[in-house]
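# Overview (structure and organization)
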Amino acid sequence: MSDTTFDYVIIGGGTAGALLANRLSADAQKRVLLIEAGRKDDYHWIHIPVGYLYCIGNPRTDWLYHTEPDAGLNGRSLRYPRGKTLGGCSSINGMIYMRGQARDYDHWAQVTGADAWRWSNVLPAFKRHEDHWRLDQPGGADAVFEQLHGNKRTGSTGEWRVDKQRLRWDILDAFAQAAQQAGIAATDDFNRGTNEGVGYFEVNQKNGWRWNTAKAFLRPTCYGRPNFELWTSAQATRLIMERQADGRPRCSGVEVWTGDEMVTALAQQEVIVCAGAINSPQLLQLSGIGPGALLRQHGIDVVLDLPGVGANLQDHLQIRAVYKVQDVLTLNTLAGSLAGKARIGLEYLLHRSGPMSMAPSQLGAFTRSRPDLPYPDLQYHVQPLSLEAFGEPLHAFPAFTASVCNLNPTSRGTVTITSPDFRTAPAIAPNYLSTPEDRQVAAQSLRVTRHIVAQPALARYRPEEYKPGPQYQTDEELARLAGDIATTIFHPVGTTRMGRVDDHEAVLDPQMRVRDGRGGVVAGLRVVDAGAMPTITSGNTNSPTLMMAEMAARWIQDPSRDAM
């Protein structure tokens with residue numbers, strides 16, 4: 001660490017940070033530093049798809065956060081996994097490739113005032129790094145698919161591998177048939193701009209291994225560049241803020257704790273914070289950027305009084321309905337014997353398939369909580385297994401879980417520091433089910449689940465509702481039970497959101513530069529991660545975060561590009 005002055009300093013080697021490091025270090029004249037608080041992604045369970053079970057809740061790979069007790073969850077606190085390793089959450093997440101809906105991005109354009117965020121304008125950014133399995137097939141894909149996903153014959157293949165899953169289950173096939181009988185059409189592509197339908201999810205895997213952003217964007221590409229430097233086990237503790245001659249603030253670097261000493265890394269052009277929707281607002285607040293009263297409460301000098309830092313937290317809350325079944329194989333029974341476990345291990349060893357290649361959820365569905373809605377507002381993650389809570393043993397009886405989430409929650413939460421010490425976890429308060437709208441959708445979503453399960457396709461397996469239980473029928477009962485059985489699906493966003501220049505709660509401008517509270521921006525400082533989303537996307541949030549990093553890279557490399 002003898003020379004600690006760089007052109008760009010990127011904080012966070014996760015989803016956005018890895019892509020940005022790749023794009024910015026492509027210019028050999030620019031020195032790029034990537035700082036990651038966790039260790040390298042050389043832990044074997046990161047790369048075996050089912051290894052998320054051993055990564056979540058493991059200090060080797062997880063920040064080990066928990067939410068504050070939540071009134072909407074009847075006083076419960078939830079485990080809140082965040083990736084603490086190279087690759088970030090892409091090293092521990094569910095691997096589902098999901099862009100969201102076109103309306104999500106058209107709404108972003110509306111609330112930021114920037115047409116750059118319209119679906120038609122972000123689609124090329126998605127395609128820029130996508131490498132889709134279907135384009136490997138003889139003859140390629142149809143013209144519509146290639147328009148949405150690229151064309152290898154034109155050399156547009158990217159680094160982010162999207163694969164089909166390497167297993168199927170009779171119980172999941174039956175659920176898909178039941179969903180179709182309930183009026184949800186089959187789909188083979190959730191990423192056309194409207195994700196309505198039912199089908200198996202596509203996943204970020206390659207040949208049966210997890211494909212994280214460290215593999216995709218850092219190695220071997222960045223590791224071979226002399227202008228690229230990587231610090232791991234190095235936690236950013238405070239941004240270095242200065243005043244320019246005109247009185248406006250500038251970010252000139254960051255203080256980093258290596259475990260042995262505090263090191264200062266300086267950025268001649270930009271510091272880019274990619275620490276995620278929890279750690280990015282925490283770092284800003286520790287650096288004097290955030291709600292003034294909160295900062296003063298903890299003895300932190302106020303550099304910028306920005307009340308939106310740590311506000312606007314949104315997340316997808318999944319309601320886990322469990323159904324006992326008969327005469328069909330589920331993971332509960334397969335993994336319940338030594339012979340079954342041996343079969344699972346052998347199948348993965350020989351073929352890289354079977355349950356060890358599983359994403360946490362295999363089958364997906366998008367539908368409406370009410371028939372009069374113009375778009376799907378519910379997402380299902382359906383699993384051939386059941387358990388009382390994540391991390392606990394599988395049930396001893398055969399069962400499947402149909403988890404359903406409200407794609408567009410109106411509840412808003414907060415992320416706030418509880419100490420000026422960077423080692424102290426922030427308070428995470430999602431405020432789930434805190435609005436009448438969210439409680440109504442929760443109740444209705446359980447009714448939609450019951451409607452699907454009641455279809456003929458599942459009848460031969462005699463499904464029996466185990467959770468929440470068929471005795472609960474009223475809106476009040478179902479909303480209360482949702483609070484008992486629901487859990488996060490790990491999609492926090494919005495805590496440093498973008499907005500218009502006249503939106504005083506917005507933290508960032510449409511190019512993800514930190515606003516200075518006076519109509520301008522802080523020189524040399526951006527936040528590029530899911531926290532920048534104004535509103536949560538209609539689906540899993542990892543791939544939209546990559547798209548945002550792709551957009552930011554273009555703006556950083558060419559400041560003359562207009563965000564409008």
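Structural notes, computed from the coordinates. (Residues numbered from 1 in each chain as written. Predicted model: local features only at pLDDT ≥ 70, side-chain atom pairs only at ≥ 80, totals over all residues. Heavy atoms only, no water.)

## Regarding the pairing of strand 16 (residues 317-324)
As a reminder, the rule being used: Only protein chains enter the area calculation, which uses a 1.4 Å probe; residues under 20% of their type maximum are buried, those over 50% are exposed, and those in between are partly exposed. Secondary structure follows DSSP: runs of H or I at least 4 residues long count as helices, runs of E at least 2 residues long count as strands, and numbering of each begins at the N terminus. DSSP calls a pair of strands paired once it identifies at least 2 bridges connecting them.
Most of strand 16 is tucked away, with seven of its eight residues classed as buried. As paired strands, strand 16 and strand 23 (residues 486-488) are joined by three bridges and run antiparallel to one another. Note on strand 23: the bridge partner recorded for Gln318 is Thr487. Summarising the sheet, strand 16 and strand 19 (residues 399-406) pair through seven bridges and their orientation is antiparallel. Counted as the bridge partner of Tyr323 is Phe400 from strand 19. Here three bridges tie strand 16 to strand 22 (residues 464-467), and the two strands are oriented antiparallel to one another. Residue pairing across strands places Tyr323 opposite Glu465, the latter belonging to strand 22.

## Considering unusual backbone geometry
In the segment running from Arg219 into Pro220, the intervening peptide bond is cis, with an omega of 5 degrees. Among the secondary structure elements, Pro220 is positioned in the loop between helix 8 (213-218) and strand 10 (228-231). Geometrically, the link from Lys467 to Pro468 is a cis peptide bond, its omega value of 5 degrees lying close to zero. Look at Arg352: it is not a glycine, yet its phi comes out positive at around 55 degrees. For Arg352, a relative accessible area of 23% puts it in the partly exposed group.

## A look at the environment of Ile272
Using the following cut-off: Should any heavy atoms of two residues lie within 4.5 Å, those residues are considered in contact.
Relative to the elements of secondary structure, Ile272 occurs in strand 13 (residues 262-273). Residues Ile272 and Arg23, 249 residues apart in the sequence, show an inter-C-alpha distance of 13 Å. Discounting chain neighbours no more than four positions away, the residues touching Ile272 are Tyr8, Val9, Ile10, Ile11, Leu20, Leu24, Arg526, Val528 and Ile556.

## Quick word on the nonpolar core
Test applied: What makes a nonpolar core is a set of buried Ala, Val, Leu, Ile, Met, Phe, Trp, Tyr and Cys residues whose side-chain atoms join them at distances within 4.5 Å.
Judged by nonpolar contacts, the single largest core of 83 residues is most densely connected at Val9, Leu20, Trp117, Leu239, Met512, Leu525 and Met547. The element that contributes the greatest number of residues to this core is helix 16 (residues 542-557), accounting for nine residues. Here Met512 is in contact with Trp117, Met498, Leu525, Arg526, Val527, Val528, Ala532, Met548, Ala552 and Trp555, once residues within four sequence places are set aside. If you look at the next biggest cluster of nonpolar residues, it comprises 68 residues, including Leu317, Val325, Leu363 and Ile452.

## Concerning a nonpolar patch on the surface
Inclusion rule: For patches, a residue must show more than 30% relative accessible area and have no salt bridge; joins then use 9 Å for like charges and 5 Å for nonpolar side chains, namely Val, Leu, Ile, Met, Phe, Trp and Tyr. Each accessible area value is a Shrake-Rupley result obtained with a 1.4 Å probe; residue values ignore everything except the protein chains displayed when judging cover. Each salt bridge in this description consists of a side-chain nitrogen of Lys or Arg and a carboxyl oxygen of Asp or Glu lying within 4 Å of one another.
Where nonpolar side chains cluster on the molecular surface, the patch consists of Leu53, Tyr54 and Phe390 and spans about 270 Å² of accessible area. With respect to the helices and strands, Leu53 occurs in helix 3 (residues 52-55).

## Overview of the packing of aromatic side chains
Going by this rule: Pairing of aromatic side chains here covers Phe, Tyr and the six-membered ring of Trp, requires ring centres within 6.5 Å, and sorts the geometry by plane angle: under 30 degrees stacked, over 60 edge-to-face, intermediate tilted. Think of it as a cone above the ring: NZ of Lys or CZ of Arg counts as a charge over the ring if it is within 6 Å of the ring centre and within 35 degrees of the ring normal.
Taken as a whole and judged by the stated rule, the model has 18 aromatic pairs. Through a chain of ring-to-ring contacts, the aromatic side chains of Tyr105, Trp108, Trp117, Trp119, Phe126 and Trp555 assemble into a single cluster. The aromatic ring of Tyr348 is capped on one face by Arg352, whose charged end is 5.1 Å from the ring centroid.

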